[in-house]
Amino acid sequence: MLTADTMRDLYDDVVTARYYEERLQEEYLEGKQPAFDISAGPIPGELHLAAGHEAAGAGVCAHLRDDDTVTAPHRPHHVAIAKGVDLEKMTAEIFGRETGLCSGKGGHMHLYDPDVNFACSGIIAQGCPPAVGAGLAAKKRNTDAVAVSYLGEGAIDQGGFFESLNFAAVHDLPVVFVVEDNDWAISMPQERVTDVENAADRAGGFDLPGERVEFDDVCAVYEAAEDAVGRARSGNGPTLLSVQVHRRMGHFMGDAEAYRPDEDVERAQNLDCIPRLEDDLRQAGVSDDELMEIREAAEQRVDDAIEWAKDQPEPAPEATYEDVFSNPPQGRPMAAEQGGDE
Amino acid sequence: MSQQASEREVTMSRAMVDAIATEMRENDEVFYMGEDVADYGGIFDSTQGLLDEFGHDRVMDVPISETAYIGAATGAAMEGMRPIAELMFTDFLGVCFDQIYNAMAKHTYMSGGQVSVPMVLTTAVGGTYNDAAQHSQTLYGTFAHLPGMKVVVPSNARDAKGLMHAAIRDDDPVVYMFHKRLMGLGWMPAPEGPKTAVPEEDYEVPIGEAEVKREGADVSIVTLGLHVHRALAAAETLADDGVDAEVIDLRSLVPLDREAILDSVRKTGRLVVVDEDYHSFGLTGEISALATERAWDDLEAPPERVASPDVPIPYSRPLEQEFLADSEDIADAANRVTE
Ligand SMILES: Cc1ncc(C[n+]2csc(CCOP(=O)(O)OP(=O)(O)O)c2C)c(N)n1
């Protein structure tokens, strides 16, 4: 059994992430109702929320330091929160503001926070090779930093994932691959596209350990990740970890989920990591008042971040042409050369 | 009355699906593969309703394995079947590019013409809704640059249907690029224009024929996809200012209807090329070069190019607006060449 302190920290992460997603959903839908128009409202673009995935973010990232690398997929917020990404700047980025993590250029699927070595991407399984690269760098430099790559169960059919498993295994790199198995890849149920039920079985052909956490139980994820991250940190190579999570919402905001049976939506709603962790905390002697305090503090932090973000300025149009290169080529600015505003 | 019945107005997605369904009914060897094309009906409605009629064997949801299924479509086509494979966003091309440009596009040539690859690769293109750098590209130039694939880009429902019939029947690989903003999606309102009357019967829009969308005497605006509608809007503004613009919808990049472009430029003496793709090394350069090489004597001003700057597509609204050309940018360019 985990200590009460560890569980309190995990609880803080999961309730922050859940409330964050609830608030983002609210903000996102503003101006998009009653008729959903994706380009209306204060948050532009697609939005993939991670409600139901929190255990995988908190349970693994609890073992990570700022100098450990995390690559997350298109559903990144809960992992970012658990990794310690700046909440205010992340929120400003999602609102497309100048002071956002990426000056408004990245957006919710492309969040970068070099201070805590966090990145994510909108291309399926794209984060696997860079995590291998971070592991390679750590090994070459003789540090004990590790890299964690998150991906969905739909992403385990992608070539980049297989190649990364093999590369990490053959070079004994400090990488943990974490599959967040929510049973669905947009409208595709896992069994229709993958013959293995347990994504961790993919480890078999690469001679690396594969482990599955059956329930979205934060404490169980924490324990499994302790082994996997410990193995990586002590120079014993990669691990593939698969965590059962649940998709409590549509694939993206606006997804009516016509393809999904009602029973499955209900099942996902009932298998919630938060009440489960609350039970564990109570058993460890933590009072309901204390849980309430943690939750209220988390909510305050989220509300403050959202309020701050909404007050931030939008970027100036000229910024479009900046940042293509770190070392920009000499000559006329791109805008003038290409018939933009002169 | 019967005219009306056979010319009902439909969305561009409905028109595409019409053509696919007709071809699937007539030929058992036509099938559709892609992510979320069966139960979802395509994220951009590109396969809406097909599952009900044809079942999972012919409207196949595939693993997220673009290399495998697009390569498999190529292989099945080499066996003589007529697969349609959908790459959900054109931006995902990077994952499976080898199968597209080294396999699908080249088998015919490398085999000395012994092998053909009668498949269609459909893919969604375009921005305008802040989906940022990895989900908003058009990449017309990337596909058109590499030899061996025909490339079509409908701007309205009538063409969408006719080009789909032509693409499926073609013995070569055809890349069919549809703009999200034109599909008629409930959640992404289309501009006026892409929803058109579409005949009930099947018909082909020949691959390689541009269309003059608006006749004009003063300047030729050559474009495709979403920007056909923006160019037509610009032409209205220009008309108010006394500039008579001709608007050409390319409809097809490979083969490119060079004669249609040259005829128009020879008539107007001025050219504006508009592209949602990146500025450099793309179709604006190609078409400007064509005009200067072959219609130099008729040109009264250097061609103007309106394209996206060479930067990845930014997320934030003011940045994406700066990045994407609108009707005003097109009208400004036309005013510059006619000054
Ligand atoms: C290479 C690539 N192919 C397809 C997509 C479109 N896409 C985005 S999310 C997704 C499903 C991902 O499912 P999964 O990996 O299980 O993650 P989940 O969304 O369930 O968290 C797909 C197909 C993409 N972004 N990149």
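Before reading on, note that the structure itself is shown above.
This report concerns the structure included in the present document.

Cut-offs used in this document
Residues numbered from 1 in each chain as written. Chains lettered and ligands numbered in written order. Predicted model: local features only at pLDDT ≥ 70, side-chain atom pairs only at ≥ 80, totals over all residues. Heavy atoms only, no water. Contact = heavy atoms within 4.5 Å. Buried area = accessible area lost by both parts, 1.4 Å probe. Polar contact = N/O pair within 3.5 Å; in protein donor to acceptor, adjacent residues only side chain to side chain. Helix = DSSP H or I, 4+ residues; strand = E, 2+ residues; numbered from the N terminus. Nonpolar A, V, L, I, M, F, W, Y, C, P; charged D, E, K, R; others polar. 1 Å grid on protein atoms, 1.4 Å probe; cavity = no way out; pocket = protein on both sides within 12 Å on 5 of 7 lines; lining within 4 Å. Points joined across faces, edges and corners; volume = space filled by probe spheres on them. Salt bridge = Lys/Arg side-chain N within 4 Å of Asp/Glu carboxyl O. Buried < 20%, exposed > 50% of the residue type's maximum accessible area, 1.4 Å probe, protein only.

Turning our eyes to something else, we now look at the interface of chain B and chain A. Between chain B and chain A, the residue contacts involve 47 residues of the former and 52 residues of the latter. When chain B packs against chain A, the two sides together hide about 3,800 Å² of surface, and 57% of this comes from carbon and sulfur. Among the residues of chain B in contact with chain A, B:Ile64, B:Tyr315 and B:Glu322 are the three that bury the most area, contributing 20% of the side total. Between chain B and chain A we count 21 residue pairs in polar contact (both at pLDDT 80 or more) in total. Where the side of chain B that touches chain A is concerned, the elements lending two or more residues are β4 (82-89) and α12 (317-323) of chain B. With 5 residues, the single largest contributor to the side of chain B that touches chain A is α12(B). For the side of chain B that touches chain A, the class distribution of residues is 24 nonpolar, 11 polar and 12 charged.

Inspection of the entire model under this criterion finds 2 cavities of 30 Å³ or more. Considering only enclosed or pocket space, the largest cavity measures out at about 490 Å³ in volume. Lining the largest cavity are 40 residues, and of these A:His74, A:Ile124, A:Ile186, A:His251 and B:Ile64 sit closest to its centre. Among the secondary structure elements, those contributing two or more residues to the lining of the largest cavity are β4 (147-152) and β6 (184-185) of chain A together with β4 of chain B. With 3 residues, β4(A) is the single largest residue contributor to the lining of the largest cavity. Along the lines of polarity and charge, the residues of the lining of the largest cavity split into 20 nonpolar, 13 polar and 7 charged.

It is worth spelling out the pattern of salt bridges at this point. Between side chains of opposite charge, a pair can form as their charged atoms come close. As enumerated under the stated definition, the model contains 48 salt bridges over all chains in all. The partner of A:Asp5 in a salt bridge is A:Arg8, with the nearest N and O atoms 2.6 Å apart. Taken together, the positions of A:Asp5 and A:Arg8, both in helix α1 (residues 4-29) and 3 residues apart, correspond to about one turn of that helix. Between B:Lys150 and B:Asp170 there is a salt bridge; the shortest N-O distance is 2.9 Å. Taken together, the residues span a long stretch of sequence, with B:Lys150 in strand β6 (residues 150-152) and B:Asp170 in the loop between α8 (157-169) and β7 (174-179) at a distance of 20 residues. Looking at B:Asp170, the relative accessible area reads 15%, which means it is buried. Overlapping salt bridges bring together A:Asp183, A:Arg247, A:Asp255, A:Glu257, A:Arg260, A:Asp264 and A:Arg267 as one network.

Purely geometric stuff here, so don't read any function into it on its own.
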